[in-house]
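What the coordinates show
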Amino acid sequence: MEKNGKKYRGIIFDLDGTLIDTLEDLADSVNEALERMGYPVWPVEAYRFKVGRGFRNLMENSVPEAVREDDGVIEQMLSFFVEAYDRRYMDKSHPYEGIGRLLDELAGSGIFLAVNSNKRTDYTEKLIDKLFGRIPFVGVFGERAGVPKKPDPAGALELCERMGLKPEAVLYVGDSGTDMKTGKNAGMDTVGVGWGFRGFPELKENGAVYLAETVQDILDLVRA
């Protein structure tokens, strides 16, 4: 992974599929909601391409196509889903291998760190606090009222301001095309991680500047 000569002083991370493997808890919770509604459920792997654009979008992409435009159905699904996810959001979710070490070493090196997710803010904050409470993130953002979701760059740029850095000094790290677009829209170089939900083909198609197979690749990029 060749560096383009820039010095990076901050990193903004996506959450699901990048720092934490949350797929099974999300899938189990949506499937519980689908069962309560009397709809067919999906295999866990199918959710790799359903998550990442907020809870409402997840519901719309999980119910039968015939009812995806029915607001009443989607609202009921959201209610059932949140009820289920409240109980199980930490049942199977866990950091990817090496993530704890990565964050510790980056923070210890004086790199500013932040999280920018399309997951609802309360769950984003809970997961970060439970798994990485020791890390001094400058901000942990999820889906917030009045702030457009990724790939809009608003959240990323707000975090950049908190760091006191220009976008070109910040890396945007994620596992999806949405993340790559977010970083690009914010004027940041992007790192697509191969261990997440989507895989390298989608990351390449969406203009990833760097591709990371392991957390060491990210450390090497910052240290180079």
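The text that follows walks through the structure, step by step, so that each part is easy to find. Only a predicted model underlies this, so the values are computations on that prediction, with no experimental measurement involved.

1. What to know about the overall build of the protein chain
- The helix and strand tally for the protein chain stands at nine helices and eight strands.
- For the protein chain, whose C-alpha radius of gyration is 17 Å, the value lies close to the compact-globule estimate of 17 Å for 224 residues.
- Based on the C-alpha atoms only, the size of the protein chain along its principal axes is roughly 55 × 30 × 30 Å.
- The contacts of the protein chain with a sequence gap of at least 6 include a subset with a gap of at least 24, amounting to 66%.

2. Some words on the sheet that holds strand 8 (residues 210-212)
- Pairing is parallel across the open sheet formed by six strands, whose spatial order is 5-4-1-6-7-8. Edge positions in the open sheet fall to strand 5 (139-143) and strand 8, since each of these has one partner strand only. When strand polarity is set aside, the average angle formed by the axes of neighbouring strands in this sheet is 20 degrees.
- Against the sheet, helix 4 (residues 99-108) contacts strand 1 (10-13) and strand 4 (112-120), and its axis sits at roughly 150 degrees relative to strand 1.

3. Observations concerning the packing of aromatic side chains
- Taken as a whole, this structure holds eight aromatic pairs when the rule is applied.
- Ring plane angle 90 degrees and centroid distance 6.3 Å describe the contact between Tyr-8 and Tyr-210, whose orientation is recorded as edge-to-face. Taken together, the residues span a long stretch of sequence, with Tyr-8 in the segment before strand 1 and Tyr-210 in strand 8 at a distance of 202 residues.
- On the basis of relative accessible area, Tyr-210 is assigned to the buried category, the value being 3%.
- Taking the centre distance of 4.8 Å and the plane angle of 75 degrees together, the rings of Phe-55 and Phe-81 count as edge-to-face. Taken as a pair, Phe-55 in helix 2 (residues 55-60) and Phe-81 in helix 3 (residues 71-88) lie far apart in primary sequence, 26 residues in all. Grouping residues by exposure puts Phe-55 and Phe-81 together as buried.

4. Some thoughts on the pattern of salt bridges
- The final tally for this structure, using the stated rule, is 19 salt bridges.
- The shortest N-O distance in the salt bridge between Asp-14 and Lys-150 comes to 2.9 Å. Here Asp-14 is found in the loop between strand 1 and strand 2 (20-21), whereas its partner Lys-150 is found in the loop between strand 5 and helix 6 (154-163), with 136 residues between them in sequence.
- Judged by its relative accessible area of 7%, Lys-150 falls in the buried class.
- Overlapping salt bridges, with partners in common, bring together Glu-24, Asp-28, Glu-32, Arg-87, Arg-88 and Lys-92 in one network.

Criteria and thresholds
- Residues numbered from 1 in each chain as written.
- Predicted model: local features only at pLDDT ≥ 70, side-chain atom pairs only at ≥ 80, totals over all residues.
- Heavy atoms only, no water.
- Helix = DSSP H or I, 4+ residues; strand = E, 2+ residues; numbered from the N terminus.
- Rg over C-alpha atoms; globule rule 2.2 N^0.38 Å.
- Contact = heavy atoms within 4.5 Å.
- Pairing = 2+ DSSP bridges.
- Axes fitted to C-alpha atoms, helices over the stretch in contact; angles between N-to-C directions.
- Phe/Tyr/Trp six-rings, centres within 6.5 Å; stacked < 30°, edge-to-face > 60°.
- Buried < 20%, exposed > 50% of the residue type's maximum accessible area, 1.4 Å probe, protein only.
- Salt bridge = Lys/Arg side-chain N within 4 Å of Asp/Glu carboxyl O.

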